[in-house]
Amino acid sequence: MITTLLQHCIADALKKLYNIDADAESLVLQATSKNFEGDYTFVVFPYVKQARKAPDMVGREIGEEVQNQCSEVKSFNVVKGFLNFVIDERYWLAFVAKHVGDKQYGMKTAATDAAPIVVEYSSPNTNKPLHLGHVRNNLLGWSVSQLLKANGNNVKMVNLVNDRGIHICKSMLAWQRFGNGETPENSGVKGDHLVGKYYVEFDKHYKAEIKELMEQGMDEEEAKKQAPLLLEAQSMLKRWEEGDKEVRALWEMMNGWVYAGFDETYQRLGVGFDKIYYESNTYMLGKELVQKGLDMGVLYRRDDGAVCADLTDAGLDHKVLLRKDGTSVYMTQDLGTALLRQHDFGAEQLIYVVGNEQDYHFQVLKIILKRLGYDWADKLYHLSYGMVELPNGKMKSREGTVVDADDLITEMEQTAAAMSKEHGKNDDLSPEQQQRLFHMLAMGALKYFILKVDPSKNMLFNPAESIDFNGNTGPFIQYTHARICSIIRKAESEQNVVIKAGQDVTIQQLLSEKERDVIKQLHNLPATIEAAAAAYSPAMVANYAFDLAKAFNSFYQDTPILRDTDRDTMMFRIQLCSMVATTLKNTMMILGIEVPDRM
RNA sequence: GGUUCCGUAGCUCAGCUGGAUAGAGCAACUGCCUUCUAAGCAGUAGGUCCUGCGUUCGAAUCGCAGCGGAAUCACCA
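Trainee: Summarise the sheet that holds strand β10 (residues 318-322); cite the residues concerned and give the values.
Mentor: The antiparallel open sheet is built from 3 strands, whose spatial order is β8-β9-β10. Because the sheet does not close on itself, it has two edges, and the strands there are β8 (300-301) and β10. Pairing analysis gives 4 bridges linking strand β9 (residues 307-310) to β10, with the strands arranged antiparallel. Bridging from a neighbouring strand, D310 pairs with H318 of β10. Here helix α13 (residues 287-296) sits on the sheet in contact with β8, β9 and β10, set at roughly 125° to β10.

Trainee: Would you mind going over the pattern of salt bridges in detail, with residue names and values included?
Mentor: All told, the structure shown has 31 salt bridges when counted by the stated rule. Linking R516 and E89 is a salt bridge whose minimum nitrogen-to-oxygen distance equals 3.2 Å. Pair noted here: R516 is in helix α20 (residues 513-523) and E89 is in helix α4 (residues 89-99), with a separation of 427 residues, a long-range link. You can call R516 buried: its relative accessible area is 18%. Its relative accessible area of 10% is what places E89 among the buried residues.

Trainee: Which residues make up the sheet that holds strand β1 (residues 29-31), and what values go with them?
Mentor: A sheet is described by the order of its strands in space; here 4 strands give the open sequence β1-β2-β4-β3, paired in antiparallel fashion. Lying at the two open borders of the sheet, with one neighbouring strand each, are β1 and β3 (73-79). Sheet twist, expressed as the average angle between the axes of neighbouring strands with direction ignored, equals 30°. Where strand β2 (residues 40-43) meets strand β4 (residues 82-87), 4 bridges bridge the pair, whose relative direction is antiparallel. Pairing of Y40 across the sheet is with F85, part of β4.

Trainee: A description of the side chain of K170 should follow, citing residues and the corresponding values.
Mentor: One can find K170 in helix α6 (residues 166-178). Salt bridges are absent for the buried K170, whose nearest opposite-charge side chain, D203, sits at 6.0 Å. With residues up to four places along the chain from it excluded, the contact list for K170 reads Y198, Y199, F202, L230 and A233.

Trainee: Tell me about the packing of aromatic side chains, and name the residues and values.
Mentor: With the rule as written, the count across this model stands at 19 aromatic pairs. Arranged with centres 5.9 Å apart and planes meeting at 70°, the rings of F95 and Y105 form a pair that is edge-to-face. One end of the pair, F95, is in helix α4; the other, Y105, is in the loop between α4 and β5 (117-120), with 10 residues separating them in the sequence. A relative accessible area of 4% means that Y105 is categorised as buried. What links up through ring pairs into an aromatic cluster is the set Y121, F262, Y266 and F273. One cation-aromatic arrangement involves R164 over Y283; the distance from NZ or CZ to the ring centre is 4.1 Å. A cation over a ring is seen here: R248 above W240, with NZ or CZ 3.9 Å from the ring centre.

Trainee: Describe the packing of helix α8 (residues 191-215) against helix α11 (residues 245-269), naming the residues involved and giving the relevant values.
Mentor: Across the interface, α8 lies against α11 with an axial gap of 6 Å and an inter-helix angle of 130°. When the axis of α8 is compared with that of α11, the two are oblique. Residues G191, D192, L194 and V195 of α8 lie in contact with α11, whose contacting residues are M254, W257, V258, G261, F262 and T265. Counted by class, the contact of α8 with α11 contains 6 nonpolar, 3 polar and 1 charged residues.

Trainee: Tell me about α20, and please be specific about residues and values.
Mentor: Of all 11 residues in α20, 8 are buried, a share of seventy percent or more. Looking at α20, one finds that the buried residues are E515, R516, V518, I519, K520, Q521, L522 and H523.

Trainee: Summarise unusual backbone geometry; cite the residues concerned and give the values.
Mentor: Positive phi, close to 40°, is recorded for S123, a residue that is not glycine. Along the polypeptide, S123 turns up in the loop between β5 and α5 (132-150). Of note in the backbone geometry, Y536 takes a positive phi value of approximately 50° without being a glycine. Y536 gets classed as buried once you look at its relative accessible area, which sits at 11%.

Trainee: Help me get a handle on the protein's contact with RNA strand B, residues and values and all.
Mentor: Of all residues adjacent to RNA strand B, which total 63 residues, the nearest are R302, D304, R323, K425 and F469. Counting only atoms of RNA strand B within 4 Å of the protein, the fraction found in sugar and phosphate groups is 61%. In this structure, S420 approaches RNA strand B through a side-chain N or O atom, which is 3.4 Å from a base nitrogen. Here a base oxygen of RNA strand B sits 3.0 Å away from a polar atom, N or O, in the main chain of L562. Going through the elements one at a time, β2, α2 (45-51), β4, α16 (405-423), β14 (459-460), α19 (474-495) and α22 (538-558) are the ones with two or more residues in the surface near RNA strand B. Taken together, the residues of the surface near RNA strand B break down into 25 nonpolar, 20 polar and 18 charged.

Trainee: I'd like a description of the nonpolar core, backed by residues and values.
Mentor: F42, I62, V66 and L132 are the most contacted members of the largest nonpolar core, which totals 156 residues. With 12 residues, the top contributor of residues to this core is helix α23 (residues 567-590). When sequence neighbours within four positions are dropped, the list of residues in contact with L132 reads V388, L390, M395, V403, L408, I450 and F461. Judged by nonpolar contacts, the second largest core, of 34 residues, contains Y277, L316, L321 and L380.

Trainee: Which residues make up the pairing of β3, and what are the values?
Mentor: Bridge analysis of β3 against β4 gives 6 bridges, and the strand direction is antiparallel. Along β4, the bridge assignment pairs S75 with V86. A loop of 2 residues connects β3 with β4, the two strands running antiparallel in sequence, and K80 in this loop sits at a positive phi of about 50°.

Trainee: Give a detailed account of the domain arrangement of chain A, specifying residues and quantitative values.
Mentor: Annotation of chain A at the domain level lists domain 1 (2-87), domain 2 (165-269) and domain 3 (411-590). Between the C-alpha centres of domain 2 and domain 3 the distance comes to 47 Å.

Reading the values: rules and limits
- Residues numbered from 1 in each chain as written.
- Chains lettered and ligands numbered in written order.
- Predicted model: local features only at pLDDT ≥ 70, side-chain atom pairs only at ≥ 80, totals over all residues.
- Heavy atoms only, no water.
- Pairing = 2+ DSSP bridges.
- Helix = DSSP H or I, 4+ residues; strand = E, 2+ residues; numbered from the N terminus.
- Contact = heavy atoms within 4.5 Å.
- Axes fitted to C-alpha atoms, helices over the stretch in contact; angles between N-to-C directions.
- Salt bridge = Lys/Arg side-chain N within 4 Å of Asp/Glu carboxyl O.
- Buried < 20%, exposed > 50% of the residue type's maximum accessible area, 1.4 Å probe, protein only.
- Lys, Arg positive; Asp, Glu negative; His and termini not counted.
- Phe/Tyr/Trp six-rings, centres within 6.5 Å; stacked < 30°, edge-to-face > 60°.
- Lys NZ or Arg CZ within 6 Å of the ring centre and 35° of its normal.
- Parallel < 35°, antiparallel > 145°, perpendicular 65-115°, else oblique.
- Nonpolar A, V, L, I, M, F, W, Y, C, P; charged D, E, K, R; others polar.
- Near = heavy atom within 4 Å.
- Polar contact = N/O pair within 3.5 Å; in protein donor to acceptor, adjacent residues only side chain to side chain.
- Core = buried A, V, L, I, M, F, W, Y, C linked by side-chain atoms within 4.5 Å.
- Domains from an automatic or database assignment.

Encoded structure:
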């Protein structure tokens, strides 16, 4: 890596010239600004005081020393306190020669025997279908997992399905009461949507009951608690917990519908899991932990019998972990599942992809685990992402402004198909191939649109912009890949060109500005993957892919490739094309986006 | 009210541990297809980086204060 080489040369120079001890790794090298000549820039201001010389003098002295020591440095210039290094062409050519034909350039191979990083994401409730918020979660979870793999980690993806609780009983009850035996089969309604329909149905009738009770003179608070439907749902939950056969059978049937529906959506989204946990199996966990905490004296029992954690010394509040009736709460379960997961995987790290509305929850979870004596609590990482908002505000199920995941995907596919047909470039493909392409483009647009935004930030989902094919979009990058594939196909068929690893890379003339830009961007890939993985940010990968595609298109626009009459030059440019195609494909794969060979 | 996050072009977003004249895309306007895919390229225009103070040779970036927005502070999950 040229930058680490430069860092060490500079550190040596600082020592030799001014007796300054600097840690080579900590020296900052930045890409030279476009307005100046050079590839990498070192800012000397921080050292002028110790060097006791003027900035440009320090720059020249370090520059000369580094140039003498480092053959890769062709020349340098100093502008004010900025020392700009120009890297020798041969370095860039050697770089291309080294990696051309490598289908895994920049991707580290995952160590399968290492302790895994466990990524939990998705974690849906089984009472309603997936919506846009879940889509961001799923795409992020999948992408971060791929990113960590690309960075050489052993990654396990897990899903914790919230398949029990009062909310599930509500849809069960409503179906029993108002369903008339409707099933996904006899109605043609997708399972998760069907169950979601009865969840809404419950709410409708429940509200009506409240209203009626209030008209009879009951106050609202009381009416909400006394509505017969709610009482019945509660009693159903109780029977469920007691293992009542009839209730369990109903539960299993309806959950089966939901899972079939979810699987379909997951498949369309292109996400998956190594292991699925069900809360119905894990919800009892955690109670023992609470007992342990009581024994250890880190938890206390309140007068009414509830068990709590006093977190006031950590600047937080008191947190109830067992209700006075002894039942567990969400936090109790999460304590238990964390322990279970740690046992199952012996993880190096436990990542939770969960929205930022649960920041407080995870803060508390970590502290309590720590107090229970689990040092691995430090391995928990809450990958907290922002909300998805719509142009007219937040999604509200009550106002019907929730964007359904299935509908969204279908609409994207239809739009992609319409746009693609308009271009007419794919008319000769078979209907199956076309469908596959439209889906690829639709998902490319959707995924890129969501993933290009930094996870921690709230984002605005503008449906019109999300399906855009121009500019900073997934299809733009897909298109760039398709173009390159077209060139390579022609090169292979018309020029008998073969691209493989370990080829010679030679040109007679100097690299053009555009060629150099493309090479430098390719050269940035490993550092980008590392930085993105460290930040858990697919957005950094997305931006990288866009910059590379832009650099390539600019190069492509005014540089002859197959048209060039010099065989070496043509060959070199095809090699460059090939590396760009590979890199675009791999970086888009990290985002969960496939790239077509033509479009 | 406490805590946390956010505020960059008309809109959506990049700007990493402080560095040169703050960048993209969309929208607007100009050019470029008899030539490797124009889903592209090149260009014009568009900015008190929320405000103020401070630290520094140097601040969009760090600190404090204020303004504006969001989340959270459940015996819900």
